Amino acid sequence: MNLPLNSLLDRNDTTENARYNMVQQQVRPWNVDDNGVLDALYTVRREDFTPPAHYSLAFMDVEVPLSDDALAIEQGLCMFQPRVEARMINDLEVQPHERVLEIGTGSGYSAALLSRLAKEVVTLEINADLAEMARENLTDAGCTNVTVRVADGSKDTLPEGPFDVILLSGSVEVLPKELLSHLKDGGRLAAIVGQKPIMRYTVVSKQNGDITITEPWDIVVPRLQGFATAPRFAF
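First things first, this report covers the structure right here in the doc. Computed from a prediction, not measured in an experiment: that's the story for all the values here.

### Some points on the packing of helix α1 (residues 14–27) against helix α2 (residues 35–43)
Consideration 1: The contact between α1 and α2 brings their axes to 9 Å, and the two run at 145°. In terms of crossing hand, the pair formed by α1 and α2 is right-handed. Residues Arg19, Tyr20, Met22, Val23, Gln24 and Val27 of α1 lie in contact with α2, whose contacting residues are Leu38, Leu41 and Tyr42.
Consideration 2: Taken together, the residues of the contact of α1 with α2 sort by class into seven nonpolar, one polar and one charged.

Spelled out as structure tokens, the structure:
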């Protein structure tokens, strides 16, 4: 799909124009260049994963609360800015044959994007209400290759593993080494790691038993529940 600037977009459709502008003005300038990710951004209806009370924020460059609690964003109950969600997925270079584990389902939007790129997605959500919301959203969006499970990704068992890609959709103080055992050889694990005011998007690659860590960009996002006291890597 990957619409060009002079595409046949219906300029009278305000929702599609907002989606187009989100991709062109927010996402693309943030070094999101994978055609599969860009196509997913156009085809997955972000507004359908946004709570009705905050529909007006669906395409804006802001974090969107997923509950009516005044502290929802602070507690990590939110959708990230579209550019952040897109860049996190873009930099993992997900392939069509791969199985993905996401920890921190939220409303299911990132899982829906991943479903367009991967063979299978398993997504874990510690909050049962959010998990049910995401399950309904993903079903309505026709994402048949996504499984939503209520679980604490920091400590619960992962019988579905191992995975080619593991994405933590939230920030953690340190990366939990336990997740490496659920990563296939050749796999990638990504999370936003650190403490305010400095957090870095961190990718851990596993190849022939060797571990490589890269930190390509900085961003501050809310904490992922359950990981506040995660143990440090020890190689």
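### Section: the sheet that holds strand β8 (residues 198–207)
Consideration 1: If you walk across this open sheet you meet the seven strands as β5-β4-β3-β6-β7-β8-β9, and the pairing is mixed. The open sheet has two edge strands with one neighbour each: β5 (146–150) and β9 (210–218). Sheet twist, expressed as the mean angle between neighbouring strand axes with direction ignored, is 15°.
Consideration 2: Looking at chain direction, strand β3 (residues 99–103) and strand β6 (residues 163–172) are connected through four bridges and run parallel. If you follow Glu102 over to β6, its bridge partner there is Leu167.
Consideration 3: Packing of helix α3 (residues 82–90) onto the sheet brings it into contact with β6, β7 (183–195), β8 and β9, and relative to β6 it is tilted by some 150°.
Consideration 4: The strands touched by helix α5 (residues 128–140) within the sheet are β4 (120–125) and β5, with β5 carrying the most contacts at an inclination of about 165°.

### Focus: the nonpolar core
Taken as a class, soluble globular proteins show a tendency for nonpolar side chains to be buried jointly.
Consideration 1: Of all hydrophobic cores here, the largest spans 52 residues; its most connected members are Leu41, Met88, Val94, Tyr109, Leu138 and Tyr201.
Consideration 2: When near neighbours in sequence (up to four residues on either side) are disregarded, Val94 contacts Val100, Leu114, Leu117, Ala118, Val165 and Arg188.
Consideration 3: In terms of nonpolar packing, the next biggest core, distinct from the first, is built from 20 residues, Val122, Ala151, Ala191 and Phe227 among them.

### Regarding the environment of Val204
Consideration 1: Relative to the helices and strands, Val204 is located in strand β8.
Consideration 2: Val204 sits 68 residues away from Glu136 along the chain, and the two C-alpha atoms are 32 Å apart.

### Focus: the packing of aromatic side chains
Consideration 1: The tally for this structure, following the rule as stated, stands at four aromatic pairs.
Consideration 2: With a centroid separation of 5.9 Å and an interplanar angle of 65°, the aromatic rings of Phe49 and Tyr109 are classed as edge-to-face. With Phe49 in the loop between α2 and β1 (64–65) and Tyr109 in helix α4 (residues 109–115), this pair connects stretches of sequence that are 60 residues apart.
Consideration 3: A connected cluster of aromatic rings, assembled from ring pairs, spans Trp30, Tyr201 and Trp217.
Consideration 4: Lying over the aromatic face of Tyr109, Arg46 brings its terminal NZ or CZ to 4.9 Å of the ring centre.
Consideration 5: Here the basic side chain of Arg83 rests over the ring of Trp30, its NZ or CZ set 4.6 Å away from the ring centre.

### What about unusual backbone geometry?
Consideration 1: Looking along the chain, the bond that leaves Gly161 and enters Pro162 is cis, with omega of 0°.
Consideration 2: Relative to the helices and strands, Pro162 resides in the loop between β5 and β6.
Consideration 3: Positioned with a positive phi, Asn31 is a non-glycine residue whose angle comes to about 60°.
Consideration 4: Accessibility expressed as a relative area gives 52% for Asn31, which makes it exposed.

### A word on the pairing of β8
When a strand is regular, its side chains alternate between the sheet's two faces.
Consideration 1: Of the pairings in the sheet, the one linking β7 to β8 comprises eight bridges and is antiparallel in character. Pairing of Ile192 across the sheet is with Tyr201, part of β8.
Consideration 2: Hairpin connection of β7 to β8: two residues between the antiparallel strands.
Consideration 3: Two elements, β8 and β9, share seven bridges in a ladder whose sense is antiparallel. Considered in β9, the bridge of Lys206 is made with Ile211.
Consideration 4: Hairpin remark: β8 followed by β9, antiparallel, with two residues in the connecting loop; positive phi at Asn208, about 55°.

Cut-offs applied
Residues numbered from 1 in each chain as written. Predicted model: local features only at pLDDT ≥ 70, side-chain atom pairs only at ≥ 80, totals over all residues. Heavy atoms only, no water. Axes fitted to C-alpha atoms, helices over the stretch in contact; angles between N-to-C directions. Helix = DSSP H or I, 4+ residues; strand = E, 2+ residues; numbered from the N terminus. Left-handed = near helix turned anticlockwise from the far one by under 90°. Contact = heavy atoms within 4.5 Å. Nonpolar A, V, L, I, M, F, W, Y, C, P; charged D, E, K, R; others polar. Pairing = 2+ DSSP bridges. Core = buried A, V, L, I, M, F, W, Y, C linked by side-chain atoms within 4.5 Å. Buried < 20%, exposed > 50% of the residue type's maximum accessible area, 1.4 Å probe, protein only. Phe/Tyr/Trp six-rings, centres within 6.5 Å; stacked < 30°, edge-to-face > 60°. Lys NZ or Arg CZ within 6 Å of the ring centre and 35° of its normal.

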